[in-house]
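Residues per chain, in single letters:
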Amino acid sequence: MSAGFTAPSATSGYDDAQPRMGFFTDTSVCIGCKACEVACKEWNDIPATLFEFSGKSYDNTVGLGADVWRHVAFIEQRVPRIQEAALSGVFTEERPGEGGEGGLADFRWLMSSDVCKHCTTASCLDVCPTGALFKTEFATVVVQEDICNGCGYCIPACPYGVIDQRKDDGRAWKCTLCYDRLKGDLEPACAKACPTDSINFGPLEAMERMAAERLDTVMAAHVPGAQLYGDGPSGGMDGVGSLFLLLDQPEVYGLPPDPVAVTKHVGQLWRAAAVAGAALVGAAVASFAGVRR
Amino acid sequence: MAEQHPVGFQWVVEAQRRGAKVIHVDPRFTRTSAVADLHIPLRSGTDIAYLGGIINYILTNHREFREYVVAYTNAATIVSEEYVDAEDNGGIFSGFDERSGTYEVSSWQYEDMEVASASGQHEMGAGLGEQHGAHGGSLEHGQPPSEDPTLEHPRCVFQLLKRHYERYTPEMVAEVCGVPQELFLEHAEALCANSGRERTGAMAYAVGWTQHSVGVQYIRTAAIIQLLLGNIGRPGGGILALRGHASIQGSTDIPTLYNLLPGYIPMPHAEHYEGLDDYIDKNAAPTGYWGNMDAYMVSLLKAYWGEKATAENDFCFDYLPRISGDHSAYASVMDMLDGKVKGYFLPGQNPAVGSANSRMHRFALASLDWLVVRDFSLTESAAFWYDGPEIESGELDTPGIGTEVFFLPAAAHVEKDGSFTNTQRLLQWHDAAVEPKGDCRSELWFYYHLGRIIREKLATSDDERDRPLLDLTWEYPVQGRQSEPDAEAVLAEINGWKADGSPLGSYTEMQADGSTTGGVWIYCGVYADGVNQARRRRPGDEQSWVAPEWGWAWPANRRIIYNRASADPDGQPWSERKRYVWWDAEQEQWTGEDVPDFKASMPPDYVPPDGSQAEDALSGTEPFIMQADGKGWLFVPNGLKDGPLPTHYEPHESPVTNPLYKQQANPARQLAPHRHNPSNPSGGGGENPYPYVLTTYRLTEHHTAGGMSRTVPHLAELQPEFFCEVSPELAAERGLEHGGWATLISSRTAIEARVLVTDRIAPLRVAGNTVHQIGVPYHWGFRGLVTGDSGNELLGVVMDPNVHISEYKTATCDIRPGRRPRGPALARFIADLPRADDAPTEGGDS
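Engineer: Quick one: what's the story with the overall build of chain B, residue by residue and with numbers?
Structural biologist: Tallying secondary structure elements over chain B gives 23 helices and 28 strands in all. Taken over the C-alpha trace, chain B has a radius of gyration of 27 Å; the compact-globule value for 846 residues is 28 Å, and the two agree within 12%. Dimensions along the principal axes, computed over C-alpha positions, put chain B at roughly 75 × 70 × 55 Å. A total of 846 residues make up chain B; the buried ones form 53% of that total.

Engineer: Requested: an account of the overall build of chain A, with residues and values cited.
Structural biologist: When helices and strands are counted, chain A shows 9 helices and 10 strands. For chain A, buried positions account for 41% of its 293 residues. For chain A, the share of sequence-separated contacts (at least 6 apart) that also reach a separation of at least 24 residues comes to 64%.

Engineer: How would you summarise the interface of chain B and chain A if you had to cite specific residues and measurements?
Structural biologist: Each side of the interface is counted separately: chain B has 38 residues, and chain A has 31 residues. Per-element accounting of the side of chain B that touches chain A gives the leading share, 4 residues, to helix α21 (residues 713-716) of chain B.

Engineer: Can you explain the sheet that holds strand β8 (residues 199-203) of chain A? Please cite residues and give values.
Structural biologist: All names here are of chain A. Ordered by their spatial adjacency, 4 strands build an open sheet running β8-β1-β10-β9, and the pairing between neighbours is mixed. A single partner strand is all that each edge strand has here, and the edge strands are β8 and β9 (227-229). Neighbour to neighbour, the strand axes of the sheet diverge by 20° on average, direction disregarded. Relative to β8, strand β1 (residues 21-26) is paired through 5 bridges, and the arrangement is antiparallel. Bridge assignment links F24 to a residue of β8, and that residue is N200. On the sheet, helix α8 (residues 204-220) packs against β1, β8, β9 and β10 (242-246) and is oriented at approximately 15° with respect to β1.

Engineer: Lay out the pairing of strand β18 (residues 589-592) of chain B with the relevant residues and their values.
Structural biologist: Residue and element names in this part refer to chain B. Pairing analysis gives 4 bridges linking strand β17 (residues 581-584) to β18, with the strands arranged antiparallel. Bridged to V581 within β18 is G592. Counted along the chain from β17 to the antiparallel partner β18, the turn is 4 residues long, and its residue E588 has a positive phi close to 55°.

Engineer: Lay out the sheet that holds strand β10 (residues 370-375) of chain B with the relevant residues and their values.
Structural biologist: All names here are of chain B. The sheet built from 3 strands is open, its strands ordered β9-β10-β11 with parallel pairing. The open sheet terminates on both sides in strands that have one partner only, identified here as β9 (343-347) and β11 (404-409). Direction aside, neighbouring strands of the sheet carry axes that sit 10° apart on average. Alignment of β9 against β10, held across 5 bridges, turns out to be parallel. Bridge pairing links G343 to W370 in β10.

Engineer: An account of helix α6 (residues 170-177) of chain B is needed here, citing residue identities and associated values.
Structural biologist: Residues spaced three or four apart along an α-helix face the same direction, because each turn holds 3.6 residues. Residues and elements named next belong to chain B. The buried fraction of α6 amounts to 7 of the 8 residues, a majority that puts the element mostly inside the structure. Those residues of α6 not exposed but buried are P170, M172, V173, A174, E175, V176 and C177. Among the residues trailing α6, G178 stands out with phi positive, at a value near 75°.

Engineer: Could you give me a rundown of the pairing of β1(A), with the residues and numbers involved?
Structural biologist: On a regular strand, each side chain points to the face opposite its neighbour's, so the side chains alternate between the two faces of the sheet. Residue and element names in this part refer to chain A. The element β1 is extensively covered by neighbouring structure, given that 6 of its 6 residues are classed as buried. Alternating residues of β1 divide into M21, F23 and T25 and G22, F24 and D26, and every residue in both groups is buried. Pairing analysis gives 4 bridges linking β1 to β10, with the strands arranged parallel. Within β10, the residue paired with D26 across the bridge is L245.

Engineer: Before we move on, can you summarise helix α12 (residues 293-305) of chain B with the specific residues and values?
Structural biologist: Residues and elements named next belong to chain B. With 13 residues, α12 extends 18 Å from end C-alpha to end C-alpha; this agrees with the ideal 18 Å at 1.5 Å per step. Of all 13 residues in α12, 13 are buried, a share of seventy percent or more. Just downstream of α12 lies G306, where phi reads positive at about 50°.

Engineer: How would you summarise the packing of helix α13 (residues 329-337) of chain B against helix α15 (residues 358-365) of chain B if you had to cite specific residues and measurements?
Structural biologist: Residues and elements named next belong to chain B. Packing of α13 against α15 brings their axes to within 8 Å, and their N-to-C directions diverge by 55°. Relative to α15, α13 is oriented oblique. For the pair α13 and α15, the sense of crossing is left-handed. Residue-level contacts link V333, M336 and L337 of α13 to H361, F363 and A364 of α15. When the residues that make up the contact of α13 with α15 are grouped by side-chain class, the tally is 5 nonpolar, 1 polar and no charged.

Engineer: An account of the confidence of the model for chain A is needed here, citing residue identities and associated values.
Structural biologist: A residue-level look at chain A finds 85% of positions with pLDDT of 70 or above and a mean pLDDT of 87. Ignoring residues within four places in sequence, the model shows residues 96-105 of chain A, a span with pLDDT below 50, making 20 contacts including any to other chains.

Engineer: Account for the nonpolar core, naming residues and giving values.
Structural biologist: Residues and elements named next belong to chain B. Of all hydrophobic cores here, the largest spans 286 residues; its most connected members are I55 and L744. Considering every element that reaches this core, the biggest residue donor is α12, with 10 residues. With sequence-adjacent residues up to four places away left out, L744 is seen in contact with C724, A750, I751, A753, I774, V776, L794, C813 and I815.

Engineer: Hey, could you go over the confidence of the model for chain B for me, with residue numbers and the actual values?
Structural biologist: Residues and elements named next belong to chain B. For chain B, per-residue confidence averages 93 on the pLDDT scale, and residues scoring 70 or more make up 95% of the total. A low-confidence stretch, residues 838-846 stays under pLDDT 50, and its non-local contacts, those more than four residues away or across chains, total 23 contacts. Across the assembled chains, the prediction reports ipTM 0.91 with pTM 0.92.

Engineer: Can you break down unusual backbone geometry residue by residue, with the values?
Structural biologist: All names here are of chain B. Backbone torsion omega between W554 and P555 reads -10°, so that peptide bond is classified as cis. Summarising the element assignment, P555 is placed in the loop between β16 (552-553) and β17. In this model, A767 sits at a positive phi of 50°, which is unusual for a non-glycine residue. You can see A767 is positioned in the loop between β24 (764-766) and β25 (769-771).

Engineer: Provide a residue-level description of the packing of α6(B) against helix α7 (residues 181-193) of chain B, including the pertinent values.
Structural biologist: All names here are of chain B. Interaxial distance between α6 and α7 falls to 9 Å at its minimum, and their mutual angle equals 120°. As far as their axial angle goes, α7 and α6 are oblique. Considering the relative orientation of α6 and α7, their crossing is right-handed. Within the contact between the two elements, α6 uses P170, E171, V173 and A174 and α7 uses Q181, F184 and L185.

Engineer: Could you give an account of the environment of B:K162, with specific residues and numbers?
Structural biologist: By the element assignment, B:K162 lies in helix α5 (residues 157-164). Residue B:K162 is classed as partly exposed on the basis of its 15 C-beta neighbours within 10 Å.

Engineer: Can you tell me about the environment of B:N557, naming the residues and giving the values?
Structural biologist: All names here are of chain B. In this fold, N557 is placed in the loop between β16 and β17. C-alpha separation for the pair N557 and R455, spaced 102 residues apart in sequence, amounts to 36 Å. Excluding anything up to four places from it in sequence, N557 contacts G525, P548, W552 and V595.

Engineer: An account of the environment of B:A71 is requested, with residue identities and associated values reported.
Structural biologist: All names here are of chain B. Relative to the elements of secondary structure, A71 occurs in helix α4 (residues 66-72). A71 gets classed as buried once you count the C-beta atoms within 10 Å, which come to 20. Taking the C-alpha atoms as reference points, A71 and Y778, separated by 707 residues in sequence, lie 45 Å from one another.

Conventions adopted
- Residues numbered from 1 in each chain as written.
- Chains lettered and ligands numbered in written order.
- Predicted model: local features only at pLDDT ≥ 70, side-chain atom pairs only at ≥ 80, totals over all residues.
- Helix = DSSP H or I, 4+ residues; strand = E, 2+ residues; numbered from the N terminus.
- Rg over C-alpha atoms; globule rule 2.2 N^0.38 Å.
- Buried ≥ 20, exposed ≤ 12 C-beta atoms within 10 Å, placed from the backbone.
- Contact = placed C-beta atoms within 7 Å.
- Pairing = 2+ DSSP bridges.
- Axes fitted to C-alpha atoms, helices over the stretch in contact; angles between N-to-C directions.
- Expected span 1.5 Å × (residues − 1).
- Parallel < 35°, antiparallel > 145°, perpendicular 65-115°, else oblique.
- Left-handed = near helix turned anticlockwise from the far one by under 90°.
- Nonpolar A, V, L, I, M, F, W, Y, C, P; charged D, E, K, R; others polar.
- pLDDT = per-residue confidence, 0-100.
- Core = buried A, V, L, I, M, F, W, Y, C linked by C-beta atoms within 7 Å.

As structure tokens, then:
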């Protein structure tokens, strides 16, 4: 990957450039303890709001939002897995424990801690009219709570559904990648709390290497469906600061397979609009000219 | 383990990264199963059949570590001719008394030898066996028992073991446990393949093994496997008890148990001793480290009563409280119901949610004169008298409850100094970060000042009965605005002092003549050189891989006990890969990675001369230094109340008729007959009104009875409602809707839960029938940010006879869609519930 991807955004304008910092979340060793969720809420003083049984396995915080900046998904998978069924066209309902030899080993309970992707081209930031969202010196994306006016433009702009409005205050909230802790040379609260090193934090280049190595190990152990998730520099977000090792397709975890920043093609759109506009003008001129004729 | 010990589980993940294979056996597919290499579901309550199957696999396939077994276990020892195995007697061992439901153990003895109690003086057979220790059997003057090292003698332990487990075949395991044979065999083979000279395997269990009417025998079965495979006393081996709280190990070492004094010294019985000498005589073992019990006991008495304790007054032995029977938690609760117990302290305990048959506990609390609750919030146990379900149902009314409840807010661990002792016997000190707020105080503060105030009130008393209190050494420095006692001063007292007032370095320095003091002999050394050794924090990369300078482990900072077994009988490592401590012939001493378990100068070929005492009476090849014969016990001749060899019994409540024996349940299990504690009928398959297996457990998100988690918003929202886990098959059978409500019913009560239909709890094929299991966490109660019924409401109290722990992990129930009756309708509903036909008699079979 290009140096420009892991270096802080060239457009951010920091003189004292830091290496780009990010996460590598290795879901293959996630035990679903939710220490990341709790540590995040404690450190960032995020209120608890949901006191309802969701029925979604052991997940009761349901998804990332204004009050959930780290979210652990729990996916109970009966064999065969979705993509295998899709490939073969056969869906056999084999029960754990009844499948005879090896039947049980194919039942999986996937757990994955999701978080803001801290995109290179962050559409939330791009659409923010007040400048509340900004790129830090670590190339992370942060909302300034004292500037956000609650317009909500950022919310539909995020292709991952990360940022959200807090109902009782109207402002937009999301993971800051513990900007205050990073300033103090501390790792983010979620990574600090993770007991199994499922959540890793460091310079993004190191995270990329770690992710690649871990993928090799997991592939060598024949874990089905193992793959890295995280938009690269040539992707729709021009790269992200949160990488994941998943054990199945992103859709299984509720992640978009091919996200594109809504602002990525703005220039193109304007150019297209300009061309269309020029054509219209031309046509209008032509038609008037015709009238005169 | 990932569910209950996520922080400790990081090391399991680390081991996996280094190539370890993790196998998880659990009725449910849990967070641990999710990352394990293999998950094996089994029917709750059938672990002895399962583990017995592994013993059978080892013996049938000659996979035992033969040299280890012959040298270090009692496999070769010949057992009395009078012994009759359960295999030959319908599931009951010789010596059983039907009337009392107890065993008399003389027929279990080694040949031509009376092996005294393995755990201090048990009064076996009288139903009063309440004393408890950890002593080895007593061998007359170190005389070794009759042995056959070829292991061929028909009455040697090895052959008895073989016969006892002959029927525990893979087919039988499948039949009893519902575990497919190939899964079972994969596990058995993995264990064997990872044991021996070059490799070791460990077993970890949590309360899933202890909370059964045969709980101690579960652990025994694991111990037999690990001894046969040579996995005890060696690095990477062992049986790891994952405790239910941060310092439960500490609270048995320095016990909150009624039948123990600190350091596993038996609590004296009211009637059985003439005096200190008689007590020592009846409890100390002539051989092994319990041979020095007099020194430990006298040092303890000196710690309690200081200068007042003299040789002339038996070192104030008569000041010690006495026990007169079973005063364990459940026995006390039954006594409350009978009006025999007037007052109760609940420091950080919430039995109105956390104990089996919690409903019965609330009736018991309502029968007290006074109750002291020390906790972080007004728990269900503090509020039962105005806010409990029995108030709602009309079975209790507030004006009618005479219990005076004192609530005292407690400090949290970050607000006080102290130590945690973990399952590795490792003490780790923690310092207070902040002072407790408001009226919150530490336990140390509470008990010190309570004692101080009582002593002040009694100061002028000349009543003889007040002497034990007034003569106590009760001088501790206090500090800070709240007059918090100095916790390190207590640690120094626990460690003990020599005659000259300097700290003891080791329990081997303790004397029986009153010249030393020491509050807990096994902790002696934790304050060696006047330094708080538990506070050491040298990073792992600055010391050897054993990390002896992180914290301090009892005894003697030893990280693996019985480590003599890590070397062969000649004192050389079994293998280079697994070397740990070994005999250095040039230096003429033991050396290696850890503190050796015995005198470092004792050569491997040491043979005790006639008349040797205590540790000197064990030979150089006897690693199990707390046992009088120095051997690991495959067969237990004395010390257990329910048999010398673990045997599969069905749980007290089971929908299955015991496929292995005529005897249905543990014949010696301890029952607690009471109108509030009825039993469900057991056995009978489909005819049973409670046809489903019920198992209770905790979730990662909550802590025990919820007092520390249901009150914390960030934890409460993670698991906000009580739910039950059922398979899609059971949901279809009973019309249960995912996300809807279900009512769960036992003969005790009915509770309601949200339904979580999940593949993680699969139906099993047992003895030709489908057995459904239902899982319920127990964290909820009627108070806190999130409320709900507790799974423990469904359970009856029926106990392991050795340790009086109730069978939380398995019972039976029925389940129906919809919510339970409320208010007075619930009381009427409970009254009409089917119960076992005739209340089982003590020890009898239902």
